[in-house]
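# Commentary on secondary and tertiary structure
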Amino acid sequence: MSTVQFTLNGQSVEAPAGKSIFNIAKDLGIAIPHLCHKEGLAPDGNCRACVVEVAGERTLAPSCCRSATPGMQVRTDSERAVKSQKMVLEMLLADLPEQGLKWLDDRAEAPHGELSQWAEHHGVQVRPQLAALRRDAVPADLSHPAMAVNLDACIQCNRCERACRDLQVNDVIGLAFRGAHTQVVFDLADPMGGSSCVGCGECVQACPTGALMPKSHMGPQKVDREVDSVCPFCGVGCLVTYQVRDEKIVSVKGREGPANEGRLCVKGRFGMDYIHSPDRITKPLIRKPGVAKDLGLIDGHTDWREVFREATWEEALTLATQPLNTLRQQHGPKSLAGFGSAKGSNEEAYLFQKLVRTGFGSNNVDHCTRLCHASSVAALLEGVGSGAVSNPVRDVEHSDLIIVIGSNPTSNHPVAASWMKNAAQRGTRIVLADPRITDIGRHTWRNLQFKADTDVALLNAMLHVIVTENLCDEKFLSERADNVAELKAHVQGYTPEAMSAVCGIPADTIREVARAYASAKAAMILWGMGVSQHVHGTDNVRCLIALASITGQIGRPGTGLHPLRGQNNVQGASDAGLIPMMYPNYQRVTDKSAHDWFEKFWDTKLDDQPGYTVVEIMHKALAPDSDPHKVRGMYIMGENPAMSDPDLNHARHALASLQHLVVQDIFLTETAWLADVVLPASAWPEKTGTVSNTDRTVQMGRQAVLPPGDAKPDLWIVQQIAQRMGLDWPYAGEHDGVAAVYEEMRQAMAPTMGGIDWARLNAGSVTYPCVSADDPGQPIVFHDHFPTKDGRVWLVPASLIPANEQPDAEYPMVLITGRQLEHWHTGSMTRRATVLDALEPAATASMCGADLQRWGLVPGDRVTIASRRGQVRLQVRQDDGTPLGTVFIPFAYQEAAANLLTNAALDPFGKIPEFKFCAVRIESQVPMNA
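Residues numbered from 1 in each chain as written. Predicted model: local features only at pLDDT ≥ 70, side-chain atom pairs only at ≥ 80, totals over all residues. Heavy atoms only, no water.

## Section: the overall build of the protein chain
Using the following cut-off: For helices the rule is a DSSP run of H or I covering at least 4 residues; for strands it is a run of E covering at least 2, with both sets numbered from the N terminus onward. For the radius of gyration, the atoms used are the C-alpha atoms, and the globule rule reads 2.2 Å times the number of residues raised to 0.38. The rule is simple: take the accessible area with a 1.4 Å probe, protein chains only, and divide by the maximum for that residue type; under 20% is buried, over 50% is exposed, in between is partly exposed. Contact definition: two residues touch when any of their heavy atoms are within 4.5 Å. Only the protein chains shown count as cover for residues, and the accessible areas themselves come from Shrake-Rupley with a 1.4 Å probe. Residues scored as positive are Lys and Arg, those scored as negative are Asp and Glu, and His as well as the terminal groups of each chain are ignored. By convention, the charge on Lys lies at NZ, on Arg at CZ, on Asp at CG and on Glu at CD.
The helix and strand tally for the protein chain stands at 28 helices and 39 strands. A globule of 930 residues ought to have a C-alpha radius of gyration of about 30 Å, and the protein chain, at 29 Å, matches this closely. Buried positions account for 64% of the 930 residues belonging to the protein chain. Expressed as a percentage of contacts within the protein chain between residues at least 6 apart in sequence, the contacts between residues at least 24 apart total 72%. Split by element, the accessible area of the protein chain, about 33400 Å² in all, is 51% carbon and sulfur. A gap of 2 Å separates the mean positions of the 88 positive and 106 negative side-chain charges of the protein chain.

## Some points on the side chain of Q567
The criterion, for reference: N or O atoms closer than or at 3.5 Å make up a polar contact, with two conditions inside protein: a donor-capable atom paired with an acceptor-capable one, and, for residues adjacent in sequence, both atoms drawn from side chains.
Relative to the elements of secondary structure, Q567 occurs in the loop between β22 (560-563) and α19 (570-575). Using a relative accessible area of 2% as the deciding quantity, one classes Q567 as buried. At a separation of 3.1 Å, a polar atom in the side chain of Q567 contacts the side chain of H825.

## Observations concerning the pattern of salt bridges
For the record, the criterion: A carboxyl oxygen of Asp or Glu within 4 Å of a side-chain nitrogen of Lys or Arg is what we treat as a salt bridge.
Enumeration according to the criterion identifies 53 salt bridges in this entry. We note a salt bridge from R542 to D539, for which the minimum N-O separation is 2.8 Å. Taken together, the residues R542 and D539, both in helix α18 (residues 537-550) and 3 residues apart, mark about one turn of the helix. Residue class for R542 comes out buried when judged on its relative accessible area of 7%. Of the charged contacts, one joins R746 and E743 as a salt bridge, the two residues approaching to 2.7 Å between their closest N and O atoms.

## Observations regarding the sheet that holds strand β4 (residues 61-62)
To keep things clear, this is the line we draw: Any two strands are treated as partners once DSSP identifies two or more bridges connecting them.
Taking strand neighbours across the sheet as the criterion, the 5 strands line up as β2-β1-β5-β3-β4 in an open arrangement whose pairing is mixed. Strands at the two margins of the open sheet, each flanked by one partner only, are β2 (11-16) and β4. With 2 bridges joining them, strand β3 (residues 51-54) and β4 adopt antiparallel strand pairing. Within β4, the residue paired with V51 across the bridge is P62.

## A few points about the pairing of strand β36 (residues 886-890)
With 5 of 5 residues buried, β36 is to be regarded as a mostly interior element. Judged by which residues are buried, β36 turns out to be covered on both faces: T886, F888 and P890 on one side and V887 and I889 on the other are all buried.

## Regarding the environment of K83
With respect to the helices and strands, K83 occurs in helix α2 (residues 79-95). Here K83 falls in the exposed class, since its relative accessible area comes to 62%. For the pair K83 and H122, spaced 39 residues apart in sequence, the C-alpha separation works out to 9.7 Å.

## Focus on unusual backbone geometry
Of note, the bond from A750 into P751 is cis; its omega dihedral lies within 30 degrees of zero at 0 degrees. As for its placement among the helices and strands, P751 is situated in the loop between α25 (734-748) and α26 (758-763). Of the consecutive residues Y768 and P769, the connecting peptide bond is found in the cis state with omega at 0 degrees. Turning to its location among the elements, P769 is positioned in the loop between β30 (766-767) and β31 (793-794). Located in the positive-phi region is A189, a residue other than glycine, with phi close to 60 degrees. Its location among the elements puts A189 in the loop between β8 (183-186) and α5 (202-206). A positive phi angle is found at E261, which is not glycine, with a value near 45 degrees. As for its placement among the helices and strands, E261 is situated in the loop between β12 (248-254) and α6 (266-270). Residue E261 is classed as partly exposed on the basis of its relative accessible area of 37%.

## A word on the side chain of D453
With respect to the helices, strands and loops of the structure, D453 is situated in the loop between β19 (446-448) and α12 (455-468). Looking at D453, its side chain comes within polar contact range of the side chain of H536, at 2.5 Å. Polar side-chain contacts of D453 include one of 2.8 Å to the backbone nitrogen of A803.

## Regarding the packing of helix α8 (residues 346-360) against α25
Which entries qualify depends on this criterion: With axes taken as lines fitted to C-alpha atoms, and helix axes fitted only over the stretch in contact, angles between N-to-C directions fall between 0 and 180 degrees. Geometric relationships in this document are graded by angle, where less than 35 degrees denotes roughly parallel, more than 145 denotes roughly antiparallel, 65 to 115 denotes roughly perpendicular, and other angles denote oblique. Left-handed is the label given to a crossing in which the near helix is rotated counterclockwise from the far helix by less than a right angle, and right-handed is the label when the rotation is clockwise. In this count, Pro and Cys sit with the nonpolar residues alongside Ala, Val, Leu, Ile, Met, Phe, Trp and Tyr, while Asp, Glu, Lys and Arg are called charged and the others, Gly among them, polar.
Contact pair α8 / α25: the axes reach a minimum separation of 9 Å and the direction vectors enclose 70 degrees. Taken together, the axes of α8 and α25 lie roughly perpendicular to each other. Classified by chirality, the crossing of α25 by α8 is left-handed. Residues N346, E347, Y350, L351 and K354 of α8 pack against V738, V741, Y742, E744, M745 and A748 of α25. Per-class residue counts for the contact of α8 with α25 are 7 nonpolar, 1 polar and 3 charged.

Here it is as structure tokens:
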């Protein structure tokens, strides 16, 4: 790196070329007033509070956007520079209405935030004769559920506009009017609550004066403490700082982390108050004698006291474990099963699967990965030898072209989507391939809106183009790929012309996109559950692996394969062995060497056959008594299969049919209503532990507050269950031995996590593989080999397999399910978050305008949508990104549970249900005003 030599305040300084004077001074501990400048935002230079004097120049220079040059002589403290800085601060203060921040009376010491702090730093006071310059006060805008707008405090520094436009790329905030009438506006001067604002709060975090602020922090600004942690929602893994006052989280700030660099979405910033919900379970609950497991109770309208009674922990733990022990003794280890959680920590996942394997005695343990990316993992393990991502999301900044397929990142992974949008701003071409055109479509180069269920047809056509037009990376294939000839022969019959009729994309467009992908210097594929949740989900991912491999688009920056993880720790829970056919670190239970190693490591005899998956366990719960492997008892930690499983009537019937069900959770979920014993657990901000995000980055979550009432840490509960099942576990220490559990898990996952000890995680985030203490971690893998037996990728041809259930005259429409921006998973957390529930309070079914007209509907009408398995009643919403003949329903709403409709047909390899395709009909409708 080249450097420059110059003089700063009379001292000789050497600094990197191109670095701003402001940042050089900051590094040297020299404070320069600044208001429009903020780390992470592009320098703007509009406030002129940071001006410095450069020898020989007529005008003062804004230090934030001026680089040092050789020989330059700069003074930040000259009389002229300081006088100008003071004048700017005084004029800004003089312009503000006298009322200022009317709701922040306790901020007398710094009523205007950073402006007041810099004024105090420079000893600036507004002279009385300038009082006449004060602008007129304007009413506060409190229309948004999460944020308050008080333009009385606005100094028009443009931070909010740049944060919205340049970081999150939401383009909601701008400046309107001219001269003295200039003001910040949302969209076309709409109230913030009526604008297109998505509630990310980046503007709040950027604002220096409190003109924009969280409503939850109106009033007293002081907090008792700040606690650094990780966001508990999607798999992006944003780092956060909780602000705690009176033992409640009053607000959340984004902090610098490898995945987010301070950015957050509406859930991460404004969705944390779910932990303070009055619905929290605070004491153990025991089902009352004679109270049947009535499925009608799931609607939540029944008083829990009619079904359960409160108990002590000792009684509850005894009643939880004694029946499990009895069932195991009478019917064998296969009679028990466990569902763990991807919403908890790595340590909890590891200990839970260890409990099932060593305590229950079988491999009947699974979690929500079976319902999201099981087919992705199956294909990746088969093809490249690893179920994790090859490159982090942020690597899109090095891509020339990005394919986003089967994913709605702006809703499901908003911060990850911001990096994609940033890349598009810089000229990267984005291709969206999806049956729905979602918000990311505003930033795309091409939208491939293919017919639902035709992924393989589209991808094989692209492979055909690349193969027949000699666009393959033959050097890569000869050195690093197997089964190449078979793949090339297979795709010969999948011409774009033939597949166009199947997938609905013009042949010329298929050819154009295929050529662009193959010829890009660096191209990356990111996908979501729109790819994986099909009976051919594994085949879909096999095609993506082939696409990346035959073009050599893997193993380099800006390339690779990235299945976007849906929950905060679905990657880590899978890594930790919370799946029925794998021990920790994806070692197959049928592999004798792995089996023998874990038997010795855990000093226990282990089952050497794979356990049942989520949906298979439900089938086994309803098996006849004569079935020797009938599942009779279950322990569920932090999962809600009574909302998340397909064909919910069947799944709920299975749960209600169990002889004994123990549920450990923070709320009385739909699943907990069917339990015999309910154990009150800890929410994410109430515990310490690690999680692994979608980028393979391991990060530390820290306890901010205590669990309410008698609720206990999950790790403590699992150990108590284990103890009563005859296991003698030696974990001890702070937070119920979490560090000791982590260190044991690290041994089980060597060498992958061998270099990431507990002390290192306390110091910061680390990406695996990380094999030694001096290994910095490897964000990009597969540089020169794959972790397969021969080090080469295995290419698997895929044929066209239709969905298990097709539309017909009786059920003419296709249902697609998924998540929405404001709600997450089954809604048990986000629907108890005040802001999130206010933003999206009701279940909706999205249809395009043409379908609404066809069915005689207008937005807001209530309809009944039915499949062969069930029906739901909800409002319709117009979304012209949803294709003709298709309905999209989010699955977070208990009162209109989308999974009452979905099909439990399984992908034969990943054993994942076909959530993304089933046939439905509209049975009745009620006008919105009826």
